[in-house]
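# Notes for the structure review
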Amino acid sequence: MKFAWDYFVCGRHRIPSVSAQSDADWRAKLDWHDDPLVGRYVRTKIGTWWADARLESLGYELRLLAPGSEPTADQMARFETLIERIPEMVAVTDLEPIPKDDGWGHKPPPFDIRTARISSIGMEEDGAFYLIFDVDADGVYMLSPVFTVSSDYTVTSAEWSV
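A few points on the structure. (Residues numbered from 1 in each chain as written. Predicted model: local features only at pLDDT ≥ 70, side-chain atom pairs only at ≥ 80, totals over all residues. Heavy atoms only, no water.)

## Observations concerning the sheet that holds strand E8 (residues 155-161)
The sheet built from 8 strands is open, its strands ordered E1-E2-E3-E4-E5-E6-E7-E8 with mixed pairing. Across the chains shown, the open sheet's two edge strands, defined by having one partner strand only, are strand E1 (31-35) and E8. With strand direction ignored, the average angle separating the axes of adjacent strands in the sheet is 20 degrees. Examined bridge by bridge, E1 and strand E2 (residues 39-43) share 5 bridges and lie antiparallel to one another. The residue bridging His33 from the neighbouring strand is Tyr41, located in E2. With respect to the sheet, helix H3 (residues 73-92) is in contact with strand E3 (48-54), strand E4 (61-67), strand E5 (118-123), strand E6 (129-133), strand E7 (144-149) and E8, its orientation differing from that of E5 by roughly 125 degrees. (Pairing = 2+ DSSP bridges. Helix = DSSP H or I, 4+ residues; strand = E, 2+ residues; numbered from the N terminus. Axes fitted to C-alpha atoms, helices over the stretch in contact; angles between N-to-C directions. Contact = heavy atoms within 4.5 Å.)

The structure is reproduced here in structure tokens:
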């Protein structure tokens, strides 16, 4: 999913040689708006919005994606509820240990899902979610844990994905 996000939404993959100028170029072409709930956000052509926003309960910025043309208070409340429930979700998940190789020859850094940062959360039309966790701050190791969570905050799958 992270690969799909980087490739299809951003139009590129995590390539170290992407310059700041080319990063600015693709960002300039997006449909930016301001909102008191998330700050700057982007309306997409497929009826969703996304923002790099800070959730109070996390204390750091992550990417949020949800249906609709703009963020709503209900969506933000659901994101916060999801964040509150992550420790219990992680405790009952059946996520396999981190793979020793990501398929491209990269070895994993030290990793503990209980303390991992979340890089993005997507909300589906039906209220379900997917969460993508950060593994490697340097962006070399290409796999990330991805949780699929039902609208009632139950983990339906937890797997390593690109």
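Anyway, onward from the coordinates.
## Focus: the nonpolar core
Core analysis: the largest hydrophobic core is formed by 34 residues, its most contacted members being Trp49, Leu64, Phe79, Ile118, Ile121, Leu131 and Phe147. Sorting the residues of this core by element identifies E3, E4, H3, E5, E6, E7 and E8 as the ones contributing at least two each. At 7 residues, H3 tops the list of elements feeding residues into this core. In this structure, Ile121 is in contact with Leu62, Arg63, Leu64, Leu65, Phe79, Leu82, Ile83, Phe129, Tyr130 and Leu131, ignoring residues within four places of it in sequence. Core analysis: the second largest hydrophobic core is formed by 7 residues, Leu65, Tyr130, Ile132 and Val146 among them. (Core = buried A, V, L, I, M, F, W, Y, C linked by side-chain atoms within 4.5 Å. Buried < 20%, exposed > 50% of the residue type's maximum accessible area, 1.4 Å probe, protein only.)

## Let's talk about the pairing of E7
The element E7 is extensively covered by neighbouring structure, given that 5 of its 6 residues are classed as buried. One ladder, built from 4 bridges, connects E6 with E7; its direction is antiparallel. Its bridge partner being in E7, Leu131 is matched across the sheet by Phe147. As paired elements, E7 and E8 share 6 bridges and run antiparallel to each other.

## Structural notes on the pattern of salt bridges
Within the structure shown, the criterion is met by 5 salt bridges. Among the salt bridges present, the one from Glu70 reaches Arg43, with a minimum N-O distance of 3.7 Å. Placement of the pair is Glu70 in the loop between E4 and H3 and Arg43 in strand E2, with a sequence separation of 27 residues. Given a relative accessible area of 40%, Glu70 falls into the partly exposed group. On the basis of relative accessible area, Arg43 is assigned to the partly exposed category, the value being 28%. A salt bridge links Arg114 to Asp112; the nearest nitrogen and oxygen atoms lie 2.7 Å apart. By relative accessible area, which is 26% here, Asp112 ends up partly exposed. (Salt bridge = Lys/Arg side-chain N within 4 Å of Asp/Glu carboxyl O.)

Any link to function would need more than the numbers given here.
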